[in-house]
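Fold and geometry: a report
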2 protein chains.
Amino acid sequence: MLAGPFCTMLLADLGARVIKVETPWCGDDARLYGPFISGESLYFASLNRNKESLAMDLKSEAGSRVFVRLVELADVVVENFRPGTMAKLGLGYPSLRVLNQRLVYAACSGFGQTRPYSHKPAYDIIVQAMGGVMSLTGQPGGEPARVGVSIGDITAGLYMAVAILAALQSRHQTGLGQLVDISMMDCQVAILENAIGRFQATGDVPKAIGNRHPSITPFTSVRAKDAGLVVAAGNDALWGKLCQAIGRPEMEKDTRFVNNELRTRAADDLGLILNEAFTVRDRAEWLAILEAYDVPCGPINTVADVMADPQVLAREMLVEI
Amino acid sequence: MLAGPFCTMLLADLGARVIKVETPWCGDDARLYGPFISGESLYFASLNRNKESLAMDLKSEAGSRVFVRLVELADVVVENFRPGTMAKLGLGYPSLRVLNQRLVYAACSGFGQTRPYSHKPAYDIIVQAMGGVMSLTGQPGGEPARVGVSIGDITAGLYMAVAILAALQSRHQTGLGQLVDISMMDCQVAILENAIGRFQATGDVPKAIGNRHPSITPFTSVRAKDAGLVVAAGNDALWGKLCQAIGRPEMEKDTRFVNNELRTRAADDLGLILNEAFTVRDRAEWLAILEAYDVPCGPINTVADVMADPQVLAREMLVEI
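Structure report, in brief. (Residues numbered from 1 in each chain as written. Chains lettered and ligands numbered in written order. Predicted model: local features only at pLDDT ≥ 70, side-chain atom pairs only at ≥ 80, totals over all residues. Heavy atoms only, no water.)

1. Quick look at the sheet that holds strand β6 (residues 104-109) of chain B
Residues and elements named next belong to chain B. In spatial order, the strands read β5-β6-β7; together these three strands make up an open sheet with parallel pairing. In the strand order of this sheet, the two ends are held by β5 (76-79) and β7 (179-183), each with one partner. Within this sheet the neighbouring strands show an average axis-to-axis angle of 15°, counted without direction. Relative to β6, β5 is paired through four bridges, and the arrangement is parallel. By the bridge assignment, Val76 is partnered in β6 with Val104. Packing against the sheet, helix α8 (residues 151-174) makes contact with β5, β6 and β7, and its axis sits at approximately 165° to β6. (Pairing = 2+ DSSP bridges. Helix = DSSP H or I, 4+ residues; strand = E, 2+ residues; numbered from the N terminus. Axes fitted to C-alpha atoms, helices over the stretch in contact; angles between N-to-C directions. Contact = heavy atoms within 4.5 Å.)

2. Topic: the relation of the copies chain A and chain B
Take chain A, turn it by 180°, move it 0.0 Å along the axis, and it overlays chain B with an RMSD of 0.0 Å. Here the transformation between the copies is reduced to the relation of a two-fold axis. When C-alpha distances to the rotation axis are compared across chain A, the minimum falls at A:Val162, with a value of 2.5 Å. With an isologous cut-off of 70% or more, the 100% of interface residues of chain A that recur at the interface of chain B puts this contact in the isologous class. (Least-squares fit on C-alpha atoms with pLDDT ≥ 70 in both.)

3. Quick look at the environment of B:Val77
Residue and element names in this part refer to chain B. By secondary structure assignment, the location of Val77 is in strand β5. Judged by relative accessible area, Val77 falls into the buried class, the value being 8%. In this structure, the C-alpha to C-alpha distance between Val77 and Ile164, residues 87 residues apart in sequence, is 9.6 Å. The residues contacting Val77, other than those within four sequence positions of it, are Phe67, Val71, Leu103, Val104, Tyr105 and Ala106. (Buried < 20%, exposed > 50% of the residue type's maximum accessible area, 1.4 Å probe, protein only.)

4. Observations regarding the interface of chain A and chain B
Of the residues lining the interface, 121 residues belong to chain A; the matching set on chain B comes to 121 residues. Interface area, chain A with chain B, both sides summed: about 10000 Å², of which 67% is carbon and sulfur. If you sort the residues of chain A by the area they bury against chain B, A:Glu193, A:Gln311 and A:Arg315 come out on top, with a joint share of 7%. Counting every contact that joins chain A to chain B gives 10 salt bridges. Of the charged contacts in the structure, one is a salt bridge between B:Arg315 and A:Asp181, with a shortest N-O distance of 2.8 Å. One can count 42 residue pairs in polar contact (both at pLDDT 80 or more) joining chain A with chain B. (Buried area = accessible area lost by both parts, 1.4 Å probe. Salt bridge = Lys/Arg side-chain N within 4 Å of Asp/Glu carboxyl O. Polar contact = N/O pair within 3.5 Å; in protein donor to acceptor, adjacent residues only side chain to side chain.)

5. Quick notes on the nonpolar core
Formed by 130 residues in total, the largest nonpolar core has its most connected members in A:Phe6, A:Ile126, A:Ile182, B:Phe6, B:Ile126 and B:Ile182. Setting aside chain neighbours within four positions, we find A:Phe6 in contact with A:Leu47, A:Ile154, A:Gly157, A:Leu158, B:Tyr159, B:Ala190 and B:Ile191. (Core = buried A, V, L, I, M, F, W, Y, C linked by side-chain atoms within 4.5 Å.)

6. Regarding the state of the cysteines
Residues and elements named next belong to chain B. The final tally for this structure, using the stated rule, is zero disulfides over all chains. No disulfide involves Cys187; its sulfur sits 6.9 Å from that of Cys108, the nearest cysteine. This cysteine, Cys297, is not joined by any disulfide, and Cys243 carries the nearest cysteine sulfur, 15 Å off. The exposure class assigned to Cys297 is buried, which follows from its relative accessible area of 8%. (Disulfide = S-S within 2.5 Å.)

7. Some words on the pairing of strand β8 (residues 219-223) of chain B
Where a strand is regular, its side chains alternate between the two sheet faces. Residue and element names in this part refer to chain B. With four of its five residues buried, β8 lies for the most part within the structure. As defined by bridge partners, β8 adjoins strand β9 (residues 228-232) across five bridges and the pair is classed as antiparallel. Across the sheet, the residue bridging to Ser221 is Val230, located in β9. Hairpin connection from β8 to β9: four residues lie between these consecutive antiparallel strands.

8. Some words on the packing of helix α1 (residues 3-13) of chain B against α8(B)
All names here are of chain B. Look at α1 against α8: their axes get within 8 Å of each other, and the N-to-C directions meet at 50°. The orientation of α1 with respect to α8, classified from their angle, is oblique. Helix-helix and strand crossings are classified by hand; for α1 and α8 the assignment is right-handed. Residues Ala3, Gly4, Phe6, Cys7, Leu10 and Leu11 of α1 lie in contact with α8, whose contacting residues are Asp153, Ile154, Ala156, Gly157, Leu158, Met160, Ala161, Ile164 and Leu165. Across the contact of α1 with α8, the residue classes break down as 12 nonpolar, two polar and one charged. (Parallel < 35°, antiparallel > 145°, perpendicular 65-115°, else oblique. Left-handed = near helix turned anticlockwise from the far one by under 90°. Nonpolar A, V, L, I, M, F, W, Y, C, P; charged D, E, K, R; others polar.)

This is the structure we're talking about:
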């Protein structure tokens, strides 16, 4: 479960001093996830930069004493045990609050601190599946697809960082900390956005529809002669520019496509027309043309492409340390 | 571009008073995105709860005067124009800071305020593609898949909320606001997590691998007799429990599968074995068995399933207003 480590890494990036508590025997499970360089897990490294680590056995009196001393000095405790575990150790929020009333106690779990599912274990893929995001991802008629990054953990980590910072903001007014209860599944439900509205409006259960957008058209991937790219026209003005860019200016006034609602209804037809239009040139050529018309577009980059991208390098998103 | 609206909706949920500024002619483009109920866009509604709205023409003297008055009183300005647009209106951060030195000015754009790509337009799918997430999502050998929710916008909105709250935290110490510069593409790179480490460790460009996890095995979807489910064993103890749950206790000691690294190398073989094992019972039966063994598991829910889920209802994630 990387939601906790992702959240605390974000806080460390922002300047917080983060002390990670691990078991003395084998430490965080993530230390055993590959790939490895010189025996060190890069998976672990990708989640724990800028952190200190303390090994302690919270079940022992000595370990618990050290932990309690840290809590007395801390602004925030982040934990991602199954609900009830910290209480069993005598370290639940009601106990810790007595020691430090300014403490923000942030608990992240698969389904939250409250019943009926609070006792269930979870990992990223469990909440991606149960929260509905997988059912919306993938090709039409195909298998539901897991998002290829751990979006179940990552969104929970981001929401937890927001909640912790909001609790610290509140503490400036009240002088008191509070309990933050993050459920990974809640966070997946919170990012379903327009899928809930679509279901309510039509009664049709939203499904995976490939790479197009359910409500905005065109907003999709297309294949150029040599490679894939994406193109998005979020309003009628951009639609007009796109028609010009691909040499089909008459299409702007085509009654099937004259506004976003009609284009979305006719998305399949329009997809065929666009894919046919794009096959005649290479991707680089298309990107140059679309850019000249100021139409939002971009290549479908691999991780290798991303790591060599001029903007990614200029923004110092990758730093060797 | 919904990153800005998503961020401010989050801040409104936390209690902020949010005043949305729209053009007097047609308002936010999102008002034109379906589905519609009684002419109102549910897409727009899903992003703008709890907000007030003011229509003003920032290009007119009157509109600009109202905006400036709001800025003098505000803690935070959030904008998601293309970089340079606010400066052209005379409303860039350097101008606004003079009026209110405590102002946090948060700008969200496709690629950030700095060159070389700062001038390029973007929408969700553009940064999903350019940031690498699409290349990691989908079935092996298939087309790269767009994540079925607007994860390019949503992660940017979440990072922006974190950054704004961190800037407010800093203001308690310094008395000064600051510029927050969010690039949607940066946010996609920031969530690539272990994909970057895998590429660095092996030189192999990470690809879409279907529903399994690149570093943890088993951690995947399987098909029961009637429907799909997901199952995840993040450590050797859970692996042992899973072997028992599916009636294959001898597999725990199988030398091919004895630790996570070996299981990940043998993921294809293991996937076949698991899929075969799971076809003999219905999903509900498997979920009950796996739960009895405390193995993380769950159904692949549709949006309709999510909206009827007992935990989602108990947590009041869906509220009729």
